[in-house]
Amino acid sequence: MTAATPPSSVDMSVDLAGVRLPNPMMTASGCAANGREMHRFIDVAQLGAFVTKSVKAQPVSGRGTPRMAETPSGMLNSIGLQGPGVQAFVEEDLAWLHSIGARVVVSIAGSTASEFAGVARAVVRSRYASAVAAIEVNISCPNVANRGLVFACDPASSHKVMTLVREEVPRGLPMLAKLSPDVTDIVEIADTVLKAGAHGLTMINTTLGVAIDVDRLRPHLIAATGGLSGPAIRPIAVRAVWQVAGAMRAGRIRTAPIVGAGGVRTGRDALELVAAGASAIQVGTAAFNDPTAPERVGRELEALIAERGFTRLSEVTGIAHERFTP
Ligand SMILES: Cc1cc2nc3c(=O)[nH]c(=O)nc-3n(C[C@H](O)[C@H](O)[C@H](O)COP(=O)(O)O)c2cc1C
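Residues numbered from 1 in each chain as written. Predicted model: local features only at pLDDT ≥ 70, side-chain atom pairs only at ≥ 80, totals over all residues. Heavy atoms only, no water.

If you look the protein chain up in an unreviewed UniProt entry, it shows as Dihydroorotate dehydrogenase from Janibacter limosus. Check the Pathway (unreviewed entry) section of the UniProt entry for the protein chain; it says "Pyrimidine metabolism; UMP biosynthesis via de novo pathway." (UniProt positions renumbered as here; feature names shortened; annotations may be inferred.)

Time to look at the pattern of salt bridges. Applying the stated rule across the entire model yields twelve salt bridges. The salt bridge involving R312 is made with D11; its shortest N-O contact spans 3.3 Å. Highlighted residues: R312 in the loop between α9 (293-307) and α10 (319-322) and D11 in the segment before β1 (14-16), separated in sequence by 301 residues. Note that R299 is salt-bridged to E295, the shortest N-O span being 3.0 Å. Taken as a pair, R299 and E295 lie in helix α9 at a separation of four residues, close to a single helical turn. (Salt bridge = Lys/Arg side-chain N within 4 Å of Asp/Glu carboxyl O. Helix = DSSP H or I, 4+ residues; strand = E, 2+ residues; numbered from the N terminus.)

Okay, the site of the ligand next. Surveying the vicinity of the ligand reveals 22 residues, the closest of which are S29, S54, K178, G263 and T285. S29 has a polar backbone atom sitting 2.7 Å from an oxygen atom of the ligand. In the complex, the protein chains occlude 97% of the 610 Å² of accessible area that the ligand would expose alone. Residue composition of the shell around the ligand, by class: seven nonpolar, 13 polar and two charged. (Near = heavy atom within 4 Å. Polar contact = N/O pair within 3.5 Å; in protein donor to acceptor, adjacent residues only side chain to side chain. Areas by Shrake-Rupley, 256 points an atom, 1.4 Å probe, with all protein chains shown as cover. Nonpolar A, V, L, I, M, F, W, Y, C, P; charged D, E, K, R; others polar.)

Quick look at the pairing of strand β14 (residues 225-229) now. Of all five residues in β14, four are buried, a share of seventy percent or more. Where strand β6 (residues 74-77) and β14 come together, three bridges link them in antiparallel fashion. Residue L76 lies in a different strand from β14, and its bridge partner there is L228. Of the pairings in the sheet, the one linking strand β11 (residues 207-210) to β14 comprises four bridges and is antiparallel in character. Each residue of the ladder has a partner; that of V210, found in β14, is T225. (Buried < 20%, exposed > 50% of the residue type's maximum accessible area, 1.4 Å probe, protein only. Pairing = 2+ DSSP bridges.)

This brings us to the sheet that holds strand β7 (residues 104-108). If you trace the eight strands from one edge of the open sheet to the other, you get β3-β16-β15-β10-β9-β8-β7-β4, paired in parallel fashion. Each edge of the open sheet carries a strand with a single partner, namely β3 (25-27) and β4 (50-51). Of the pairings in the sheet, the one linking β3 to strand β16 (residues 280-283) comprises three bridges and is parallel in character. Across the sheet, residue M26 finds its bridge partner in β16, namely Q282. In this fold helix α5 (residues 186-195) packs onto β9 (175-179) and β10 (200-203), with an angle of close to 160° to the strand it touches most, β9. Strands in contact with helix α6 (residues 234-249) are β10 and β15 (258-261); relative to β15, the strand with the most contacts, it is inclined by about 165°. (Contact = heavy atoms within 4.5 Å. Axes fitted to C-alpha atoms, helices over the stretch in contact; angles between N-to-C directions.)

Applying the stated criterion across every chain yields a total of zero disulfides. Note on C31: no disulfide assigned, nearest cysteine sulfur contributed by C141 at a separation of 15 Å. By relative accessible area, C31 is classed as buried at 19%. Cysteine C141 is unpaired, with the sulfur of C153 as its nearest cysteine sulfur at 11 Å. A relative accessible area of 6% means that C141 is categorised as buried. (Disulfide = S-S within 2.5 Å.)

Looking now at the sheet that holds β11. Reading across from one edge, β5-β6-β14-β11 is the order of the four strands in this open sheet, with antiparallel pairing throughout. Because the sheet does not close on itself, it has two edges, and the strands there are β5 (68-71) and β11. Ignoring which end each strand starts from, the neighbouring axes of this sheet average 40° apart.

Let us look at the packing of α5 against α6. Two elements in contact, α5 and α6, have axes separated by 9 Å at closest approach and are oriented at 60°. The angle between α5 and α6 falls in the class oblique. Every pair of crossing elements has a handedness; the one defined by α5 and α6 is right-handed. Across the interface between the two elements, I186, V187, A190 and L194 from α5 touch R239, A240, Q243, V244, A247 and M248 from α6. Looking at side-chain class alone, the contact of α5 with α6 contains eight nonpolar, one polar and one charged residues. (Parallel < 35°, antiparallel > 145°, perpendicular 65-115°, else oblique. Left-handed = near helix turned anticlockwise from the far one by under 90°.)

Locating T325 in the fold gives a position in the segment after α10. Counting along the chain gives 234 residues from T325 to E91, while the straight-line C-alpha distance between them is 52 Å.

Counting buried residues along helix α7 (residues 267-276), eight of its ten residues qualify, which places the element largely inside the surrounding structure. For α7, the complete set of buried residues consists of G267, D269, A270, L271, L273, V274, A275 and A276. Lining the buried residues of α7 we find α6, β15, β16, α9 and α10. G277 sits one or two positions beyond α7 and adopts a positive phi of about 140°.

Here it is, written out as structure tokens:
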């Protein structure tokens, strides 16, 4: 990682559906802009991968303010996927990430299934495509054609998005589906997207919450609802990874790598997700007050794995299932 990091005996490399990453640490989409801010604090090219903010086909100005609210152990946001649109993203952000040698997971979004496919096409056909380590499909946004129902809450919509994106993604480039915890049965959605061709899963996106301003006695956020992130959601993320990894181990759904996200602030938090079944880890909200967090958490995770006598990260992935007797 950094030049100051002593050599370690732990092999922290990750096989992300055929793509080798030197370590499991990633940013979480939307929490480190598109890399330049974070690069003032850590070398973004040293991360396992940098995950971009979800990009849509056209520029999006996002929701009005207030669009963030603090909560006792995290935050609510309703940014509304603000961004420059895929053409400007490729020419400015992806070009810059390519220039510093970063491995990039490009997060894509859309209001319709065909918008997702168009964004994927623009990214994989761009002249900076060699920097792209995976495409992360953020199906946690509303499907305008389906009365605003979030894609990831509906198996049929999720299936359609993943099928159309898969047609655009070249062989050998992993396609991750990013799932929402706001569903009755996350294993069912995982099964659906894997059947549609997803090579891996990222879990979890934020979970919906509302904050009321008790002076004005009205919702704090302009959109009323927002996505809850930070330490408050870590047990939900661990639960989602646990349930889906459990279904994979039991042969109920196809086995695929899981990228864990949700409330990770320390190596111990990351180790929880790894032991539950995650092969890689994303750090989101924690990076707002510690922009070195994705790199620091990786160092802490490595030390904890070494302390426990393991020599490979992959030996610890899902180990809690082996040590659990119901
Ligand atoms: C301000 C903010 C913006 C986000 N934007 C996106 C986004 O564009 N796409 C996406 O898939 N997830 C987005 N997320 C969700 C995060 O990537 C992550 O899944 C979630 O925050 C849980 O991780 P954390 O608790 O470490 O933040 C956003 C989260 C925050 C706090």
